[in-house]
Amino acid sequence: MNNETHCPKRPTLLVVDDTPDNVVVLSSLLKDSYRIKVATCGPKALKIAVTGEPPDLVLLDIMMPGMDGYEVCRRLKENAALRDIPVIFLSALNEAEDKVKAFQAGGVDYVTKPFQSEEVRARVETHLKIRRLQVKLVERNKQLQQANDNLQAAHGELTRKNRQLEQLNAEKNRFLGMAAHDLRNPISAIGGYCSLFLGGILGELTDQQRQIIERVKISSKFMHQLLEDLLDISQIEAGKLELRLAPVDLAALIADNVKLNRMFAEKKQIGIKFVPRCAPPPLNLDAAKIEQVLNNLSSNAIKFSQPGTEITVELITEDDQLVIVVRDQGQGIAPHEIDKVFKPFEKTSTRSTSGEKSTGLGMAIVKKIVEGHQGKIWLESAVGVGTTFYVALPLPVPKDAPGVLSTMT
Ligand SMILES: Nc1ncnc2c1ncn2[C@@H]1O[C@H](COP(=O)(O)OP(=O)(O)OP(=O)(O)O)[C@@H](O)[C@H]1O
Ligand SMILES: [Mg+2]
């Protein structure tokens, strides 16, 4: 049976020597483990090397008529396809100078004749192993390079897509802002005309007409608020949150706001109280925007709570910040839905308790306003127990605080 068809392919050695006896000895020494090709002079060796599959290793004599081993080795190294084949010199020349020349020509090893069979076998096997490892490393390197190229291409594509998305988002904001802006006046006009009818200036209304016009007025008010919110979010997202900062007595602002929201809470038999636990100094805030924050927090607490419950608004100091706490005893929010609360147009599965309208914009705007004041907002909630929102605002640094440099004039 033919052995070669069943064994892994044996490495091929090219034995180059002008002395036939040497060729015979080397071939018989190595033929059991390797396929042997033979050349008796330099030019023949080069011809064999470039014909068909290149050898895996060359055993090369130095002293040969015509072209010596050094020259053969140099020519092999000049050829890109053959350059990596290990060349072991076999020579009777035994001077250090000869060996140095052999290495300079590109040889990987040098065996002096007469040689020990075991030594030749061991050196051949070692250099073939090193070569196999080199091939593997080059292959692995190529794969890594390819993976790296793929990653870079994917990264480039992601960056490009991201830029496109940012542009589309900016366009959407511009469009939203324009639409909201242009619709605000006609919607206000509808509300105004409803007031004229309801005020009796345009003649007496039947009960049915009054009811319908009241409904139109409520709807136009809702639409107006929605347009205001859309305008807010599109401007804020476009980076145009304009804050008019001025010193504000936050405790007084909250007290007034709670009073205002009490009217809405009482309509649902919900209690609301303010507990100021500190009296902070005036803070540099945009009062109208902070009121917007308080209105959203209280209106949500009212919207998502049942009658008979209570809302508590507190003002506390914690480290170097002031924290507004709005706590309700409402339905709460499921833990997996909490991160929806601050996203524009997102709502959780908690529904309003009296059919109040809900667009999912309020908290997204609130978060941007709070962050615009260098503050933070977060919440804690438990289903069936209630929800607590926290708004933390930085306290002003006292002028004589240690570590603060005062300017000398
Ligand atoms: N106090 C609360 N209790 C329970 N759920 C709440 C509370 N506050 C907010 N949520 C949930 O978070 C969602 C987002 O609130 P957000 O104020 O942004 O929207 P909305 O109140 O639904 O509508 P909008 O404020 O725009 O009129 C709400 O739809 C609700 O599901
Ligand atoms: Mg809301």
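Thresholds applied
Starting afresh in each chain, residues are numbered from 1 along the sequence in its written order. The naming scheme follows written order: chains are lettered A onward, ligands numbered 1 onward. Given that the model is predicted, a residue must reach a pLDDT of at least 70 before its local features are reported, and side-chain atom pairs must reach 80 or more before they are shown or counted; all residues, however, enter totals for whole chains, interfaces and linings. In computing side-chain values, all of the structure's heavy atoms are included and hydrogens and water are not. Here a salt bridge means any side-chain nitrogen of Lys or Arg lying within 4 Å of a carboxyl oxygen belonging to Asp or Glu. The helix count covers DSSP runs of H or I at least four residues long, the strand count covers runs of E at least two residues long, and both are numbered beginning at the N terminus. Accessible area is worked out with a 1.4 Å probe on protein chains only. A residue is then buried under 20% of its type maximum, exposed over 50%, and partly exposed in between. To be near a molecule or strand, a residue needs just one of its heavy atoms within 4 Å of it. Each polar contact in these results corresponds to two N or O atoms within 3.5 Å; when the atoms are within protein, one needs to be able to donate a hydrogen and the other to accept it, and residues that are neighboring in sequence are counted only if both atoms are side-chain atoms. Note on areas: these come from Shrake-Rupley sampling with a 1.4 Å probe, and a residue is covered only by the protein chains present in the view. Pairing of aromatic side chains here covers Phe, Tyr and the six-membered ring of Trp, requires ring centres within 6.5 Å, and sorts the geometry by plane angle: under 30 degrees stacked, over 60 edge-to-face, intermediate tilted. Paired strands are those between which DSSP finds at least two bridges. Geometry is summarised by axes, namely lines fitted to C-alpha atoms with helices restricted to the contacting stretch, and by angles between N-to-C directions that run from 0 to 180 degrees. Two residues form a contact once any of their heavy atoms are found within 4.5 Å.

Q: Which parts of the structure should I look at to understand the pattern of salt bridges?
A: The final tally for this structure, using the stated rule, is 19 salt bridges. In this structure, Glu371 and Lys367 form a salt bridge, with 3.0 Å as the shortest nitrogen-oxygen distance. Separated by four residues within a single helix, Glu371 and Lys367 lie in helix H9 (residues 362–372), roughly one turn from each other. Taking the relative accessible area as the measure of exposure, Glu371 reaches 38% and is therefore partly exposed. Salt bridges sharing partners connect three or more residues here, namely Asp17, Asp61 and Lys113.

Q: I'm lost on the site of ligand 1 in this one. Help?
A: The immediate surroundings of ligand 1 are formed by 20 residues, with Asn300, Thr348, Ser358, Thr359 and Met363 found nearest. Measuring from an oxygen atom of ligand 1, one finds a side-chain N or O atom of Asn300 at 2.8 Å. Thr348 is positioned such that a nitrogen or oxygen atom in its side chain is 2.6 Å from an oxygen atom of ligand 1. Protein chains shield 96% of the accessible area of ligand 1, which is 600 Å² for the free molecule.

Q: What is the right way to look at the packing of aromatic side chains in this model?
A: In this description, an aromatic ring pair is defined by two values, namely the gap between the centres and the angle between the planes. One pass over the full model with this rule turns up three aromatic pairs. Between Phe342 and Phe389 the ring centres are 6.3 Å apart and the planes differ by 90 degrees, which places this aromatic pair in the edge-to-face class. Note that Phe342 is positioned in the loop between strand S10 (321–327) and H9 and Phe389 in strand S12 (residues 386–394), a separation of 47 residues in sequence. Ring plane angle 10 degrees and centroid distance 5.2 Å describe the contact between Trp378 and Tyr390, whose orientation is recorded as stacked.

Q: How do you make sense of the sheet that holds S12 when you look at a structure like this?
A: Paired through backbone hydrogen bonds, the strands of a sheet run either parallel or antiparallel to each other. Read from one edge of the open sheet, five strands run S7-S9-S10-S12-S11, paired in mixed fashion. Whereas interior strands pair on both sides, the edge strands pair on one side only; in this sheet they are strand S7 (271–276) and strand S11 (376–382). Going from strand to strand, the sheet's axes swing by 15 degrees on average, the running direction of each strand aside. Bridge analysis of strand S9 (residues 310–318) against S10 gives seven bridges, and the strand direction is antiparallel. Residue pairing across strands places Ile316 opposite Val323, the latter belonging to S10. With respect to the sheet, helix H7 (residues 250–267) is in contact with S7, S9, S10 and S12, its orientation differing from that of S7 by roughly 170 degrees. Sitting on the sheet, helix H8 (residues 287–303) touches S7, S9, S10 and S12, and the angle it makes with S12 is about 170 degrees.

Structural measurements only, silent on function.
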